[in-house]
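Summary of the model geometry
Chain residues, written in single-letter form:
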Amino acid sequence: MKPEIIERIFDIQDPDSFRNSALDIFRSQSAGNRIYGEFLKSLSVDLSSVKSISQIPFLPVEFFKSHIIITGTQPHTKIFESSGTTGTVSGKHFIVDTSLYEKSFLKAFTLFYGEPSDYMIAALLPSYTERGNSSLVYMMDNLIKRSKNPGSGFFREDAGSLIRAINEARELGRKVLLMGVSFALLDLAEKYSPDLHDVIVMETGGMKGRRKEITRIELHSVLEKAFNVSEIHSEYGMTELMSQAYSKGKGIFNCPPWMKVLIRDPLDPFTIIEEPETTGGINIIDLANVHSCSFISTGDLGKLHEDGSFEVLGRIDNSDVRGCNLLFE
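Now for a description of the structure that goes with this document. (Residues numbered from 1 in each chain as written. Predicted model: local features only at pLDDT ≥ 70, side-chain atom pairs only at ≥ 80, totals over all residues. Heavy atoms only, no water.)

Description of the overall build of the protein chain
Applicable threshold: Under the DSSP-based scheme used, a helix requires at least four consecutive residues in state H or I and a strand at least two consecutive residues in state E, with every element numbered from the N terminus. A radius of gyration in this sense is built from C-alpha atoms; the matching globule rule multiplies 2.2 Å by the number of residues raised to 0.38. Each residue is placed in one exposure class: buried if its accessible area under a 1.4 Å probe, protein chains only, is under 20% of its type's maximum, exposed if it is over 50%, and partly exposed if it falls in between. It only takes one pair of heavy atoms within 4.5 Å for two residues to be counted as in contact. The Shrake-Rupley method, run with a 1.4 Å probe, gives the accessible areas here. Residue values count only the displayed protein chains as cover.
Across its full length, the protein chain carries nine helices and 15 strands. Taking 20 Å as the expected radius of gyration for a compact globule of 329 residues, we find that the protein chain reaches 19 Å, a close match to that expectation. With the principal axes as the frame, the protein chain shows a C-alpha extent of 60 × 40 × 40 Å. The proportion of buried residues among the 329 residues of the protein chain is 54%. Look at the contacts in the protein chain between residues 6 or more apart in sequence, and 65% of them connect residues 24 or more apart. Total accessible area computed for the protein chain in this model is approximately 14200 Å², and 50% of it derives from carbon and sulfur atoms.

Now the structure itself:
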């Protein structure tokens, strides 16, 4: 990948600059990513005819379960592995440059929430922290360190310590962010029901087989009532990506400038639906994924709004239920 292409990723200012960068990355990955190149060849894609992002073929995310997806010849330095559920095959993301991942999640977090140092950050991610290859844990560990707050940290299922740390941060006038996997937040809500009216509560989805899957509307309703908050925030990301989208309420997600969601026809996976408010499969362009594949076809069902925001409505039939924000609505 040419250095100038990578340098432009985080300087996207408008649709034209996004389109130009996406097409440049597509050309580079079609030539330099063996698996993606073979995928395109199997579809008999005429590379010279791809002139818009809607014409770019998207690699099914399932390929990360059975192939090493890398663009270029640089060796990987880390492997992130999807959480999955018992009995399922996990996807693996071979990371060439962790600093690019760090730059992506830090710039996205700062864009939507400000500097991590403004917060006491509490992560409630049991089962994720037990694994050493979670991209979510890697991100949260970095944000926690950048918060430079002695109360920040991972709390697993130690609710007493979590609530004390939040209250101490409040007394010091610090903003508080509580990010948790859905089943852990529900456990906290049902067993302790702490008043978190001035806390940003953010769910990352995922029941991990610990609870029955419920709709996001149901989840947020329970959490809002138990925690005395008006909105539940959400993070949408996955192991196979380098970027995240965020929702500040009602399940409406927004992407950072270098990430874009498109909706594909559920009956024709190679056709992009241009009309907003139409339900279909979620395709993601993540320009930060330059060293693997920036064009991913997910197993999520969703719809795109006129302003570019989107909703995740559930899973497409026969898709694995995985760990990140896959509740049904």
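Regarding the nonpolar core
What counts here: As used here, the term nonpolar core means buried Ala, Val, Leu, Ile, Met, Phe, Trp, Tyr and Cys residues forming a set that is joined through side-chain atoms within 4.5 Å.
Among the nonpolar cores identified, the biggest contains 99 residues, and Phe227 and Phe295 are the most heavily contacted of them. Among the elements that take part in this core, helix α5 (residues 98-113) stands out by supplying eight residues, more than any other. Residue contacts for Phe227: discarding those within four places in its chain leaves Leu185, Leu188, Ala189, Pro194, Asp195, Leu196, His197 and Val201.

A closer look at the packing of aromatic side chains
Quick reminder of the rule: Stacked, edge-to-face and tilted labels apply to pairs of Phe, Tyr and Trp rings (six-membered ring for Trp) whose centres lie within 6.5 Å, assigned for plane angles under 30 degrees, over 60, and everything in between, in that order. Consider the ring centre and the ring normal. A charge sits over the ring if Lys NZ or Arg CZ is within 6 Å of that centre and within 35 degrees of that normal.
Tallying each qualifying case throughout the model produces 18 aromatic pairs. Centroid distance Tyr113 to Tyr246: 5.5 Å. Interplanar angle 80 degrees. Geometry classified as edge-to-face. Here the residue Tyr113 occupies a position in helix α5, and Tyr246 occupies one in strand β9 (residues 245-247), the gap between them amounting to 133 residues. Residue classification places Tyr113 among the buried residues on the basis of a relative accessible area of 7%. Judged by its relative accessible area of 2%, Tyr246 is buried. What links up through ring pairs into an aromatic cluster is the set Phe26, Tyr36, Phe39, Phe58, Phe63 and Phe295. It is Lys248 that lies over the ring of Tyr113; its NZ or CZ is 5.0 Å from the centre.

Side note on the packing of helix α2 (residues 15-32) against helix α3 (residues 34-42)
For the record, the criterion: Here an angle of 0 to 180 degrees is reported between the N-to-C directions of two axes, which are lines fitted to C-alpha atoms, with helices fitted over the stretch in contact. Oblique is the label for any angle not covered by the other classes, which are roughly parallel (under 35 degrees), roughly antiparallel (over 145) and roughly perpendicular (65 to 115). Side-chain classes follow a simple rule in which Ala, Val, Leu, Ile, Met, Phe, Trp, Tyr, Cys and Pro form the nonpolar group, Asp, Glu, Lys and Arg form the charged group, and the remainder, Gly included, forms the polar group.
Running from amino to carboxyl end, α2 crosses α3 at an angle of 95 degrees, the nearest separation of the two axes being 6 Å. As judged from the angle between their axes, α2 and α3 are roughly perpendicular. Between α2, through Phe26, Gln29, Ser30 and Gly32, and α3, the contact on the second element is made entirely by Arg34, Tyr36, Gly37 and Leu40. Looking at the contact of α2 with α3, its residues break down into three nonpolar, four polar and one charged.

Focus: empty space enclosed by the protein
Short version of the rule: Detection works on a 1 Å grid of protein atoms alone, calling trapped sets that fit a 1.4 Å probe cavities and calling open sets with protein on both sides within 12 Å along at least five of seven lines pockets, with lining residues defined by an atom within 4 Å of a point. Grid points are joined across faces, edges and corners, and a volume is the space filled by probe spheres set on the points.
Following the criterion strictly, the structure yields four cavities of 30 Å³ or more and no others. Considering only enclosed or pocket space, the second largest cavity measures out at about 80 Å³ in volume. Residue lining of the second largest cavity: 11 residues in total, with Tyr101, Ser135, Glu235, Gly237 and Met238 positioned closest to the centre. Per-class residue counts for the lining of the second largest cavity are five nonpolar, five polar and one charged.

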